[in-house]
Amino acid sequence: MTRIVGLSGSLRKGSYNTALLLAAQELHPQILQIASIADIPLYDADLESSGMPEPVESLKRLIGGADGLLLSSPEYNNSMPGVLKNAVDWLSRPSGDIRNVFRDKPVAVIGASPGGFVTISAQAAWLPVFRALGARFWTGGRLMVSGAHKVFGERGQLADAEIRERLAAFLGGFIEFCTD
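Residues numbered from 1 in each chain as written. Predicted model: local features only at pLDDT ≥ 70, side-chain atom pairs only at ≥ 80, totals over all residues. Heavy atoms only, no water.

## Some words on the environment of Met-1
- By secondary structure assignment, the location of Met-1 is in the segment before strand 1 (4-8).
- Classification of Met-1 as exposed rests on a relative accessible area of 76%.
- With 30 residues separating them in the primary sequence, Met-1 and Ile-31 have C-alpha atoms 7.3 Å apart.
- Contact partners of Met-1, with chain neighbours within four places excluded, come to Gln-30, Ile-31 and Asp-67. (Helix = DSSP H or I, 4+ residues; strand = E, 2+ residues; numbered from the N terminus. Buried < 20%, exposed > 50% of the residue type's maximum accessible area, 1.4 Å probe, protein only. Contact = heavy atoms within 4.5 Å.)

Now the structure itself:
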């Protein structure tokens, strides 16, 4: 069975990007496992030289054993969120581990925003990062949810049927890509 790890690029409790990942997990509970980056420290080469932090090692093993990686990335200042980029930087250390975590790993990016410009710049900013890591960036579809405050309910559940259908189609394509 295909296994995909999902990471939200937001640490906020009421994050629309986390809610989007949870909606994806509802559609494919046996396939999508959501992991957290909350315990990943800021990258520090001195810290790395004294041993990899356990949250980093644990996440590396999880992603390394998965068939794909799905990021739900907000957009901050026309780019990717620092906390998620920091996690990816840790996951690529030491450089010899890149092949175990990212090399040929199918990766896709989705995003949600209360604004109208959504996460298009963030999604574009991730492309060179994953290209440099040797991942297979899926470009077969895009999912950017604008007006997120209108499509998620009070408890964070996806309440918009059209967005749910788009999410299901996106996931179907990405799952197929992961099995190629």
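## Focus: the pattern of salt bridges
- According to the stated counting rule, one finds five salt bridges in the structure shown.
- Glu-54 serves as the salt-bridge partner of Arg-61, at 3.0 Å between the closest nitrogen and oxygen.
- For Glu-54, a relative accessible area of 48% translates into the label partly exposed.
- A salt bridge links Asp-97 to Lys-60, with the nearest nitrogen and oxygen atoms 2.5 Å apart. Here Lys-60 lies in helix 3 (residues 54-64) and Asp-97 lies in the loop between helix 4 (82-91) and helix 5 (98-101), a separation of 37 residues in the sequence. (Salt bridge = Lys/Arg side-chain N within 4 Å of Asp/Glu carboxyl O.)

## Examining the packing of aromatic side chains
- Taken as a whole and assessed by the stated rule, the structure comprises nine aromatic pairs.
- Look at Tyr-16 and Phe-152: their rings are 5.9 Å apart centre to centre, the planes differ by 25°, and that puts the pair in the stacked class. You can see Tyr-16 sitting in helix 1 (residues 16-27) and its partner Phe-152 sitting in the loop between helix 7 (148-151) and helix 8 (161-179), a full 136 residues away along the chain.
- Ring plane angle 25° and centroid distance 6.5 Å describe the contact between Phe-174 and Phe-177, whose orientation is recorded as stacked. With Phe-174 and Phe-177 both in helix 8 and three residues apart, the pair spans about one turn of that helix.
- A relative accessible area of 0% means that Phe-174 is categorised as buried.
- Counting every residue linked through ring pairs, the aromatic cluster contains Phe-102, Trp-126, Phe-130 and Phe-137. (Phe/Tyr/Trp six-rings, centres within 6.5 Å; stacked < 30°, edge-to-face > 60°.)

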